[in-house]
Structures are given as C-alpha cells and as structure tokens.
Amino acid sequence: MDENGRLRWVVVLTAVGSFMAALDTLVVASALSTIRRDLGASLTDLEWTVNAYNLSFAVLLVPAAVLGDRLGRARTYAAGLGLFALASAACAMAGSVGALVAMRVVQGAGAAVVMTLGLALLTSAFPPEKRGAAVGLFSAVTGLAVASGPLVGGAVVDGLAWQWIFWLNVPVGLLAAPLALRLIPEVRVPDSRLDVPGVALLAGSVLGLVWALVRGEPAGWTSGEVLGAAAVSLLLLTGFAFWEGRAAYPLLPPRLLRVRGFAAGNAAIFLTFAALFSAVFFYGQLLQVVMAESPLGAGVRLMAWTGTFLVFAPAAGALADRIGERPLLTTGLTVQAAAMVWFATTVGTDLTYLDALGPFIVGGFGVSLAIPCGQSAVVAAVADRDVATASGVNATMRELGGVLGIAVTVAVFGARGGFASPADFVDGFRGAVLAAAALSALGAVAGLALPARRSVVRDAGTSDTGSTGSGTLEGAAA
C-alpha cells in the first residue's frame, strides 16, 4: 500500500473510534428525558449516567496512552474498540439505573483507549506541518458525531427504544477492530512505564471532587459528606502533585507543565468542554420540557447548533497552521460565552424555536473555532515521543472539564429550579447557562496565555532555539 493509502486508512479508522465515543455522549444526552421516565431516574441519576462515562474516560486516558506505548498503539487501539462495543451491549441490556451507570464506567474505559490512541496514531502519521489540518479533519469527524448525535438519538428513541442508542455501537466496533489490526501501522515506545500510584491518586481526587459537587445540593453544601469529599479530593490532589515530582515514570511529567502551549492549551480546553458539555446536558431537555418536542423533534432542531461543528472545525484547524491557535481559540470562546448569555437572558416558558436559533448558531460557531485549536496547540507544543502522553492529557482535560462543568451547572440548576413545571425548568436553566457562559469566558482568558506562534519541536528534544532537553519545549516566546 502506498503512503497516501496508508494515511487514508489511518484517518478513517481513527475517525471511526472518535465518532463512536463522541456520538455516544450526545446520543445519551438526547435520551435523558426518556431514561428518566422509563427507569424512574432522579436528576442525580441522570447526572451520573453522563458523568460515570466521562469520569472513567478522563481518568484512564493517560494510562491508556502508556499502555499503548508499551503494547503497541494500533493493537491496543483495536482492543479498545472491542471493549467499547461489548460494554455498549451491556449498557443496552441494563435493567436499572445502577446497572446502566456501572456499564457506562466500563464503556468509558474503552472510549479512553480509543480516543487517546486514535489521536496519537493520527498525529504520529502526519508530519508536523500538516498536523493542524489532520487534527482539524479529526475534529470534523467528531463534529459529525456531535451534529448527528441528537438527531440519531431522537430517531432511535422515537422509533425503537432508548436501549438501541447503545446497540448501534456494537457492529461498528466489532468490524473496525480487526481492520485496525490489519491496516494501521504499529507504533511502540518500549521504555514507557505505567504510573499506578499516580493513576490511583488522580482518580481518587477527581472522584472526590465530583462527588462533592454532585451531592452538594441534595446533601447540603456544609454537610460532613460534602466537606469530607472535598477535603479528601484536595488531599489526594496534593499527594498526586508530590508523587509526580518524584516518580521515575510520572503519569504527568512535570516538565510538560513548563511548556507554555501545553499548559495554556489544556487549561483552555478544560474550560471549553466544561461549557460545552453543560450545554449538551441542558439544551435537548429544554426543547422537550418547555417546547414539548419529541426526542426526534429536539434532535432535528439541535442540528442548527451541532451542525456548525462539522462546518467550521476543519477550517479552524487548517487556519491555525497559518496564524496560530491563540486568536481563534480566544475569539471562539468569547463568542460562545456571549451566545450563552444571550440565550439565558431571553429564554422563557413561551420559548419558540426562532428564539433559540440565534444562540444555537452563534454559540456553535464559537466552540467550533475553539475545539480544534485547543487540541492542536497541545500536541504542537511537544516532541514526537510525547505526543501520546500530550494527547492523553489533553483528552483527560476535555473529559474532566465536561464532568466538572456538568456537576457545577447541575448544582446551579437544582438550586434555582427543577422539573416540576416548564417555569421551574426555565428558572434552573437560566442560572445553569449563565454559569456555563462564565466557564467559557474563563477559557478565553486562559487562551490568551498561548504562544502567538508555534515553535518547532524536534523529536531529539531540541527546540528552534537550539536548547536540548527531554523532548519538549521549555517555553515558547509569544
């Protein structure tokens, strides 16, 4: 097979994994109202249905990168596709909220392997000067999943049953896994090691923080349960930072945190997805609760928002190769924040689709600029040997941002409203979306710290300044 053919297969097969992982989050979001009725789920149950997947996904992304480096990225990627497909089947057969949440944890583990190694295989296959366009294309496929997720979910829930949103993954994953083994070139980094204590400390810290945020409203923000979970989270995070500075093979090498593009890009993408996942959680429910749309009707109407990801993300990735990520990312997040404020200040129980259309399109355009730029800024800042770890950390920040964003905005929603009536829902929605707008604005501020231009990072560990090191930039000049 020639070089162009090899690259095409790498793009297609890594995009398949990205598509499934992104689609699954959005498809579930479309089915939340139906799951709430069918399984008698509470608001907290719905939150865990989304966050169990995202939390498992987030914590295991960097370990998945290390595992792929050790065992072979293509081989491990294929195994992740298989695990994701089997876990999806188990989700479809779950008969209770508890069983569904448990299987979503396993599904998130498969998604972690698929997403982090898919991006690593893709970026390793392309030369540095073409990676922005490749990541833009990768983001476009993810955007297609985002765009079609509410529509597919609505069609499946209306036409079949919510369980079928999981069955859709099974044949795709089981078909793609053997093709990945056959057609994606293998990549190994034999001296990599898994930082088991680092994984445990990070997982415990994130779980404690999410638990405190999820339980804050029902248990009370000053309750022993919430304060204790927050204290444990802080203690474990401190332990994680201490351990990483001394571990022989750290989960998050401290040297990477000194790389300006890596640190600022991850902070910005964390806040980007905190705002985006919050919108995903609430927008579809708004259309169903307030406008009395069916799941399919809500999915069709959300296409005005989600369809912008597919249209603008590829162009944003390619443009970042020319002008750098900073202006696109900061502009995009500012636009998204403005659209959310617009929506929050105009929403009411007499909401019409035309009222929502403007905020949907404007906000979708903004986040479509930000996502590929946040991703490419991180992987462009490190050397080739650090690409898998960098992409894993970046994906971890995306998922953790989503988890914490939903936790924060659901807490605001629960404090100000609920599901008792459309008016009650609107009251909670308004506060939640304003909180999401604040997260997006903070992301724009973080994006200002990105370098104005990329520096060249050579695999031997030298930057364009000629300094030597461990394979990363030690800081890029603006």
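Residues numbered from 1 in each chain as written. Predicted model: local features only at pLDDT ≥ 70, side-chain atom pairs only at ≥ 80, totals over all residues. Heavy atoms only, no water.

Asks: Is there a simple way to explain the overall build of the protein chain in this structure?
Replies: When you go through the protein chain residue by residue, the secondary structure sums to 16 helices and 0 strands. Within the structure as shown, the protein chain displays about 17100 Å² of accessible surface, and the carbon and sulfur contribution to it stands at 68%. (Helix = DSSP H or I, 4+ residues; strand = E, 2+ residues; numbered from the N terminus. Areas by Shrake-Rupley, 256 points an atom, 1.4 Å probe, with all protein chains shown as cover.)

Asks: Looking at this structure, how should I read the pattern of salt bridges?
Replies: Two side chains bearing opposite charge may form a pair once their charged atoms approach each other closely. Enumeration according to the criterion identifies 1 salt bridge in this entry. With a closest N to O distance of 3.7 Å, R430 and D427 form a salt bridge. In this pair, R430 and D427 both sit in helix α16 (residues 422–447), 3 residues apart, roughly one turn of the helix. Judged by its relative accessible area of 24%, R430 falls in the partly exposed class. Judged by its relative accessible area of 35%, D427 is partly exposed. (Salt bridge = Lys/Arg side-chain N within 4 Å of Asp/Glu carboxyl O. Buried < 20%, exposed > 50% of the residue type's maximum accessible area, 1.4 Å probe, protein only.)

Asks: Could you clarify how one ought to interpret the environment of A435 in this entry?
Replies: Inspection of the secondary structure puts A435 in helix α16. The spatial distance from the C-alpha of A435 to the C-alpha of V410 is 9.8 Å, given a sequence separation of 25 residues. Other than its neighbours up to four places away in sequence, A435 contacts T409 and V412. (Contact = heavy atoms within 4.5 Å.)

Asks: Got a minute to help me understand the environment of Y53 in this structure?
Replies: Its place among the elements puts Y53 in helix α2 (residues 43–71). With a relative accessible area of 0%, Y53 lands in the buried category. When the C-alpha positions of Y53 and A109 are compared, they lie 7.9 Å apart, and in sequence the two are 56 residues distant.

Asks: Even after reading the chapter, I still don't get the nonpolar core, so can you show me in this structure?
Replies: A general feature of soluble globular proteins is that nonpolar side chains tend to end up buried together. Core analysis: the largest hydrophobic core is formed by 54 residues, its most contacted members being L276, Y283, W305 and F429. In terms of residues, this core owes the most to one element, helix α11 (residues 260–289), which gives 14 residues. Residue contacts for L276: discarding those within four places in its chain leaves W305, F309, Q336, V367 and I371. Counting 31 residues, the second largest nonpolar core, distinct from the first, contains A78, A111, A125 and L183. (Core = buried A, V, L, I, M, F, W, Y, C linked by side-chain atoms within 4.5 Å.)

Asks: Could you clarify how one ought to interpret the confidence of the model for the protein chain in this entry?
Replies: Close inspection of predicted coordinates is inappropriate in any region flagged by low pLDDT. A residue-level look at the protein chain finds 81% of positions with pLDDT of 70 or above and a mean pLDDT of 77. Confidence scores differ between elements of the protein chain, with helix α5 (residues 131–159) showing the lowest mean pLDDT of 65 and helix α9 (residues 224–244) the highest of 90. In this model residues 456–478 is a low-confidence stretch, pLDDT under 50, and it forms 55 contacts with partners more than four residues away in sequence or in other chains. (pLDDT = per-residue confidence, 0-100.)

Asks: Would you take a moment to explain the packing of aromatic side chains for this structure?
Replies: Ring pairs (aromatic) are described by centroid distance and by the angle formed between their planes. Taken as a whole and assessed by the stated rule, the structure comprises 9 aromatic pairs. Ring geometry for F282 and F413: centres 5.1 Å apart, planes at 40°, overall tilted. Here F413 lies in helix α15 (residues 387–416) and F282 lies in helix α11, a separation of 131 residues in the sequence. Across this residue pair, the class does not change: F282 and F413 are buried. Through a chain of ring-to-ring contacts, the aromatic side chains of F282, Y283, F343, F360, F413, F425 and F429 assemble into a single cluster. R246 extends its terminal NZ or CZ atom over the ring of F242, reaching a point 3.8 Å from the ring centre. Of note, R301 hangs over the ring of Y353, and the distance from its end group to the ring centre comes to 5.9 Å. (Phe/Tyr/Trp six-rings, centres within 6.5 Å; stacked < 30°, edge-to-face > 60°. Lys NZ or Arg CZ within 6 Å of the ring centre and 35° of its normal.)

Asks: Before we go on, may I ask you to explain the packing of α11 against α16 in this structure?
Replies: Where α11 contacts α16, the axes come no closer than 8 Å and their chain directions differ by 160°. When the axes of α11 and α16 are compared, the pair comes out roughly antiparallel. Where α11 crosses over α16, the two elements pack in a sense that is left-handed. In this structure, α11 contributes A264, A267, A268, L271, A274, A275, S278, F282, Y283, Q285, L286 and V289 to the contact, and α16 contributes P422, F425, F429, A432, V433, A436, L439, S440, L442, G443, A446 and G447. In terms of residue class, the contact of α11 with α16 is made up of 19 nonpolar, 5 polar and no charged. (Axes fitted to C-alpha atoms, helices over the stretch in contact; angles between N-to-C directions. Parallel < 35°, antiparallel > 145°, perpendicular 65-115°, else oblique. Left-handed = near helix turned anticlockwise from the far one by under 90°. Nonpolar A, V, L, I, M, F, W, Y, C, P; charged D, E, K, R; others polar.)

Asks: Any chance you could explain the packing of α11 against helix α14 (residues 353–380) here in plain terms?
Replies: Relative placement of two packed helices is described by the angle separating their axes and the distance separating the axes. At a closest axis distance of 9 Å, the pairing of α11 and α14 adopts a crossing angle of 145°. You can see that α11 and α14 cross each other, and the crossing is left-handed. Residues G261, F262, G265, N266, I269, T272, F273, L276 and Y283 of α11 form the contact with α14, whose participating residues are F360, V367, A370, I371, G374, Q375, A377 and V378. Grouping the constituent residues of the contact of α11 with α14 by class yields 11 nonpolar, 6 polar and no charged.

Asks: Even after reading the chapter, I still don't get a nonpolar patch on the surface, so can you show me in this structure?
Replies: A surface patch of nonpolar side chains, amounting to about 190 Å² of accessible area, comprises L83, V105 and V106. Mapped onto the elements, V105 comes out in helix α4 (residues 97–125). (Patch = residues over 30% accessible without salt bridge, like charges linked within 9 Å, V, L, I, M, F, W, Y side chains within 5 Å.)

Asks: I would appreciate a short explanation of α9 in the present structure.
Replies: Owing to its 3.6 residues per turn, the α-helix aligns residues three or four sequence positions apart on the same side. The terminal C-alpha atoms of α9 lie 30 Å apart, and with 21 residues this matches the ideal 30 Å at 1.5 Å per residue to within 8%. Of all the residues in α9, the buried ones are V226, A229, S233, F240 and E244. The buried residues of α9 occupy one face: seen down the axis, they fall within an arc of 65°. Of the residues in α9, the exposed ones pointing more than 90 degrees away from the buried face are G224, L234, L235 and F242. (Expected span 1.5 Å × (residues − 1). Arc of directions from axis to C-beta.)

Asks: Could you clarify how one ought to interpret the side chain of S278 in this entry?
Replies: Residue placement: S278 occurs in helix α11. A residue is classified by how much of its surface remains accessible, and S278, at 2% relative accessible area, is buried. There is a polar contact of 3.1 Å between the side chain of S278 and the backbone oxygen of G405. With residues up to four places along the chain from it excluded, the contact list for S278 reads G405, I406, T409 and A436. (Polar contact = N/O pair within 3.5 Å; in protein donor to acceptor, adjacent residues only side chain to side chain.)

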